[in-house]
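Fold and contact review
These are the residues of each chain, in order.
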Amino acid sequence: MKIMKKAAALLMVAVMSLSVAGCHKKDEIAVTIDGIEFTSAYYMCALINANMEAKSIVYENLSDEEKQESDIDYYSKKVEDTDYVEWVENRAVEQLKKIAAYKLLCKENNIETDEEMLNNAETNASYYWSSYGYSAYFEPNGVGENTYKNYAKDSVYSETYFEYLYGEGGEKEISADDVKTKIYDNFLIANILQADYEDDATDEEKAALKTKLENYAKQLESGEKTFEEVYNDYNGVTAEAPEMSTEEGSAKDKYAQVIGSEDTNYSSTHYDTIKAMKVGETKVQDNESSTGLYLFFKQDIQADPFYLTDLDMQARHLIADEEFDKLIEEYADKLEPDINNYAVNQFKVKKIVDPTAA
């Protein structure tokens, strides 16, 4: 009898679940902003991102002691003086308004999005979905891969309009000299060899590894060896490597790593260390966890014109992002979202599934 009652209860839950799901159509429109439509799943994608942003803000404002707690009650906190849930809901709609703003501004100015950029955005979204565990976060909350891809692809409208304004020939074009200065002020290049200690390495073995890297450093500075030779020697590579590229569109030094200042996409903890070095200088130092060593060999970013092209838009963003964001916010604030409460109210901030909390 108990088994029958349990089966009946489970059947009732299943029927109720089906009936609730049946009330909301596939691709149901949740929010419309000046003719730009967003589905329920797309709105949920925005809500999830807003929730992650809110958690990040709350966490950063916690004391060191509170950060050690295993179960932080985020919902009891305020975000920018607003109740947590209210802030997340408002933020999700703000995100949709900004996305609509980008699309509308591109349309108003007859700007076409670049097909290659759209394809790259979709490819990157697919990679993050499958390889970075994004599917584990979004799928349990009703967001499928296609919706996530569409969300990612819409970021292209932002970049498209930014380039239209601040790129070469744009309405607010930033001069080539200003771009060059910003690149050289915020980016550098270096060859970096990372050497890890063996598990349970003795002090003598650690000292021997340091001596090895210091010898490499002397050979690099004297010109006795190239970084490629040092790299191959350390890694036991005996096959002859291809020569450095001289083709347009690629860096001359295939081993050079771009190191950026704090506000760049290439932000690195090594930036200040390498910036203080002279071109051609080497430095051997412990890594962050003291489990190995780094060998830095600073190169001259100004000697390779590739970086003026490769880092061009990043430099323009560093110069103009603050002004651009303000412009978009002012435009988006004037937009009036038409919210389908029936579609939106099915999603509850406190019901968002967080796999990291499981």
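Here we summarise the structure given alongside this text.

Rules of the game
Residues numbered from 1 in each chain as written. Predicted model: local features only at pLDDT ≥ 70, side-chain atom pairs only at ≥ 80, totals over all residues. Heavy atoms only, no water. Helix = DSSP H or I, 4+ residues; strand = E, 2+ residues; numbered from the N terminus. Contact = heavy atoms within 4.5 Å. Areas by Shrake-Rupley, 256 points an atom, 1.4 Å probe, with all protein chains shown as cover. Pairing = 2+ DSSP bridges. Axes fitted to C-alpha atoms, helices over the stretch in contact; angles between N-to-C directions. Core = buried A, V, L, I, M, F, W, Y, C linked by side-chain atoms within 4.5 Å. Buried < 20%, exposed > 50% of the residue type's maximum accessible area, 1.4 Å probe, protein only. Expected span 1.5 Å × (residues − 1).

In terms of regular secondary structure, the protein is built from 15 helices and nine strands. Here the contacts in the protein between residues at least 6 apart in sequence split such that 71% fall between residues at least 24 apart. Split by element, the accessible area of the protein, about 22000 Å² in all, is 46% carbon and sulfur.

Here we take up the pairing of strand β7 (residues 282–286). Pairing between β7 and strand β8 (residues 292–299): five bridges, direction antiparallel. Bridge pairing in β8 links Asp-286 to Leu-293. If you look at the hairpin formed by β7 and β8, you'll find five residues sitting between the two strands, and Ser-290 has a positive phi there, around 60°.

This part takes up the sheet that holds strand β6 (residues 257–260). Remark on secondary structure: sheet strands pair via backbone hydrogen bonds, oriented parallel or antiparallel. The strand order across the open sheet formed by four strands is β6-β5-β8-β7, and the pairing between neighbours is antiparallel. In this open sheet, the two strands that pair with only one neighbour each are β6 and β7. Strand-to-strand twist of the sheet, defined as the mean angle between neighbouring strand axes without regard to direction, takes the value 40°. Inspection of the sheet shows strand β5 (residues 187–196) paired to β6 by four bridges, in the antiparallel sense. Across the sheet, residue Phe-187 finds its bridge partner in β6, namely Gly-260. Packing against the sheet, helix α9 (residues 176–186) makes contact with β5 and β6, and its axis sits at approximately 25° to β5. Contacts between helix α11 (residues 227–235) and the sheet are confined to β5 and β8, with β5 contributing the most and set at about 20° to the helix.

Turning our attention to the sheet that holds strand β1 (residues 29–33). Read from one edge of the open sheet, three strands run β2-β1-β9, paired in antiparallel fashion. In this open sheet, the two strands that pair with only one neighbour each are β2 (36–39) and β9 (337–339). Geometrically, the sheet is characterised by an average inter-axis angle of 20° between neighbouring strands, direction not taken into account. One ladder, built from three bridges, connects β1 with β9; its direction is antiparallel. Paired with Ile-33 across the strands is Pro-337, a residue of β9.

This brings us to the nonpolar core. The biggest cluster of nonpolar side chains holds 70 residues, and the ones touching the most others in it are Phe-38, Tyr-43, Leu-47 and Tyr-307. Core analysis: the second largest hydrophobic core is formed by 16 residues, Ala-201, Leu-220, Phe-227 and Tyr-255 among them.

Let us look at helix α2 (residues 40–60). In this model α2 runs 30 Å from its N-terminal to its C-terminal C-alpha over 21 residues, within 8% of the 30 Å that 1.5 Å per residue would give. In terms of burial, α2 is a largely internal element, 15 of the 21 residues being buried.

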